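Working through the structure, step by step
Now for the letters of each chain:
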Amino acid sequence: MYLYDDLDRTLVTERAAEFRDQVARRLSGELTEDEFKPLRLMNGIYLQLHAYMLRIAIPYGALSSDQMRTLAHVARRYDRNYGHFTTRQNIQFNWIKLAELPDAMDELARAGLHGMQTSGNCVRNITTDQWAGVAPDEIEDPRVWAEILRQHLTLHPEFSFLPRKFKIAVTAAAHDRAAIRVHDIGLRLHRNGAGEVGFEVVVGGGLGRTPFIGKTIKPFLPKRDVLSYVEAVLRTYNQFGRRDNIYKARIKILVHDLGAEAFAKEVDAEWQPIKDGPLALDPAVVATVAGHFRYPSYESLSDNPPELAKARASDRRFATWFANSVTNHKAPGYAIVTLSLKPEGGPPGDATAEQMDAIADLADRYSFGEIRVGHEQNLVLPHVAQRDLPAVWRALEALGLATPNVGLVSDIIACPGLDYCSLANTRSIPVAQELTRRFRDLDLAQSLGRLHINISGCINACGHHHVGHIGLLGVEKNGEEFFQVTIGGQADENAVLGTLIGPAVPYAQVADVVEDIVEAYLELRTRPDEIFLDTVKRVGVEPFRERVYATR
Amino acid sequence: MTSPLQQKLRITGPVVVTANRLDDGAVIYRTSGGEWSRRLEQAAVVTTAAAATTLLAGATADDITAVGAYVAPVQQDADGALRPGNLREAIRHAGPTIALPGVI
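Throughout this document, residue positions are counted from 1 along each chain, in the order its sequence is written. Chains and ligands are labelled by the order in which they are written, letters from A for the one and numbers from 1 for the other. The predicted nature of this model means local features are confined to residues of pLDDT at least 70 and side-chain atom pairs, given and counted, to a pLDDT of 80 or more, with totals for whole chains, interfaces and linings taken over all residues. Where side-chain values are given, they derive from all heavy atoms of the structure, hydrogens and water being excluded.

Only DSSP runs of H or I reaching four residues or more are called helices, and only runs of E reaching two or more are called strands; each is numbered from the N terminus. Relative to the helices and strands, Ala269(A) is located in helix 8 (residues 260-271). Each C-alpha atom of the pair Ala269(A) and Ala232(A) lies 8.4 Å from the other, and the pair is 37 residues apart in sequence.

Let us look at the environment of Gln386(A). Residues and elements named next belong to chain A. For Gln386, the location among the structural elements is in the loop between strand 15 (379-385) and helix 13 (389-399). Exposure remark for Gln386: the relative accessible area of 9% places this residue in the buried category. It is 9.5 Å that separates the C-alpha atoms of Gln386 and Pro306, two residues lying 80 residues apart in sequence. Polar contact is the term for a pair of N or O atoms within 3.5 Å; when the atoms are in protein, one must be able to donate a hydrogen and the other to accept it, and sequence-neighboring residues count only if both atoms are side-chain atoms. Among the polar contacts made by the side chain of Gln386, one reaches the main-chain carbonyl oxygen of Tyr334 at a distance of 3.0 Å. Each residue is assigned to one of three classes by its accessible area relative to the maximum for its type, calculated with a 1.4 Å probe on protein chains only: buried under 20%, partly exposed between the two thresholds, exposed over 50%.

Residue and element names in this part refer to chain A. You can see Thr171 is positioned in strand 7 (residues 168-171). What makes Thr171 buried here is its relative accessible area of 0%. Of the polar contacts made by the side chain of Thr171, one reaches the backbone nitrogen of Ala173; its length is 3.4 Å. Every residue in contact with Thr171, bar those within four places of it in the chain, is listed here: Thr128, Pro142, Asp176, Ala178, Ile180, Leu187, Arg188 and Leu189. Note on contacts: a residue pair is in contact if any heavy atoms of the two residues lie within 4.5 Å.

Our next topic: the sheet that holds strand 12 (residues 334-339) of chain A. Residues and elements named next belong to chain A. Strand pairing is defined by DSSP finding a minimum of two bridges between the two strands. Pairing is antiparallel in the open sheet, where five strands are placed in the order 3-14-15-12-11. With partners counted over all chains shown, the strands left at the sheet margins are strand 3 (62-64) and strand 11 (326-328), one partner each. Averaged over neighbouring strand pairs, the angle between their axes works out to 30 degrees when direction is ignored. The sheet contact formed by strand 12 and strand 15 spans five bridges and is antiparallel. The residue bridging Leu339 from the neighbouring strand is Leu379, located in strand 15. Note on geometry: axes are C-alpha line fits, over the in-contact stretch for helices, and angles between N-to-C directions span 0 to 180 degrees.

Turning next to the sheet that holds strand 4 (residues 82-85) of chain A. All names here are of chain A. Pairing is antiparallel in the open sheet, where five strands are placed in the order 1-2-5-4-13. Of all strands in the sheet, those bounded by a partner on one side alone are strand 1 (45-47) and strand 13 (350-352). Pairs of neighbouring strands in the sheet enclose a mean axial angle of 30 degrees, with direction left out of account. Relative to strand 2 (residues 52-56), strand 1 runs antiparallel, the two sharing three bridges. Note on strand 2: the bridge partner recorded for Tyr46 is Met53. Contacts between helix 3 (residues 65-78) and the sheet are confined to strand 2, strand 4 and strand 5 (91-96), with strand 5 contributing the most and set at about 20 degrees to the helix.

A score from 0 to 100, pLDDT tells how confident the predictor is in each residue. Across chain B, pLDDT averages 92, with 92% of residues at or above 70. Confidence estimates for the predicted assembly give a pTM of 0.96 and an ipTM of 0.93.

Okay, here's the thing in structure tokens:
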């Protein structure tokens, strides 16, 4: 975990006090809604269909057990006993009362939590790999760099009123679990031919109305230059990004219009004068930030201890969960455990206050007090001793958090959709719920292999439908809900946008259509380990189009 | 942003004015008495652009009770009973169409 210092604590506490005053002035009528709205948005407070929604930042998806307990308390005391983990590693509460928000903010601030920069045209929560620091395939801990960027870009006066919101993601692993190529800036730590570690800088990725995969404008950036270069990208965007049309204001449009090469030249011109100035990172500063991360004192353990081997051999259900939800860890004898927030019939990403409290207790007992949030809307216990896995599994089973569907067809990403969101055109949660019922047979789900379904209730694409292996986009036609279906998208290091297979289908037929696509895949694949994406790449969308529309 | 009052209203059937309550965000409807109600059946129903504009002007002027007032379609049954005019308004009126996970 990263340990906040007095500066962080003071900042968060002062912001909560400032917000209390702003709310009081709004409720008394001293501030109009036009005056208050930008202030509440700067604290992550939206007005949705039925109530205010509070979005709380979870920097790089890392939570302590105490922070999770605070979230549980806020859910219980100020909301309706649950929260929603989002595709940007944040949490949202859907039923917060404005009059009670200052008290909730105070309680959150005491745990180091806040809603700053979770809304508005600023740099949003910086995300990373939910397995950061423990993944065997990473070359170093990307959270250190996410934290350096967070410190520099929090309340940065020059970047508080950008043309539009701005999202940054960092990864340090060979396999991109942070979807960096669909972010405004994606940073990938890697080693160059000389063995030095630096960043590949990707810009102009994004989903929404006009989706783009980001372009690499700097294949290798020395680590010392990451702050100055990000600053130069933001300055370039701030200067040239469009402010006349909200739909063309994201950096992806600027990069597309200028071309990546021309954009890179503009960035370079901005960067050269500042690269050797105060933003050049002193290794001592990096070491100080890195020193604020506390790593567990792992025991000296061996892989596959007898307790684990026995449970795997004797309990098929445990073995199934282990194969699906447990991942190798850097430290011998430890494991990374993913907690599925996708139970059959459940809203993707939701957790009750009781679950949050219980997860915090499990983290304290089995994971050195740490929890992670992944962009797929699941949670992670990042440091579980392998000998404890049977006990952890039993506890998660009792909590409804051990559905062994991670990465499978029922591990669905979905936005809140029209059940909550004032921007949505269609519902997305009920579609996800129905699909989890259709694919409740875990043997079938496992036989399908890796298959991601992503659902968005409108063109803003919070459910990342463009990069779903199967993507569902809700559209409204004459007052009715329809869904466009894309296939072949992916969000990782080989990121690609899905291809539309045909006309939108009615809401009531969406689950049938997905079943048709899955059946077609089963017939088309050449062998059981050819995953859905590979089949689509091999045969194209046409066979799927034919299957779906032949009888419709 | 264009004020709701500056937007040209196209009224093709019965409408009401709705907003969210300032202190808790709850859905509210403008009544014919110039107040707000949580109950759709107490909403003032108008059928012309002029009447809707007048109703909306009164609602928008009340910046301390309500936020984001706008004109929303309703359906009126033969007996006068009101129903929301589209899915969005139906969900605002009745709440999410899903069971909430945290119900205790």
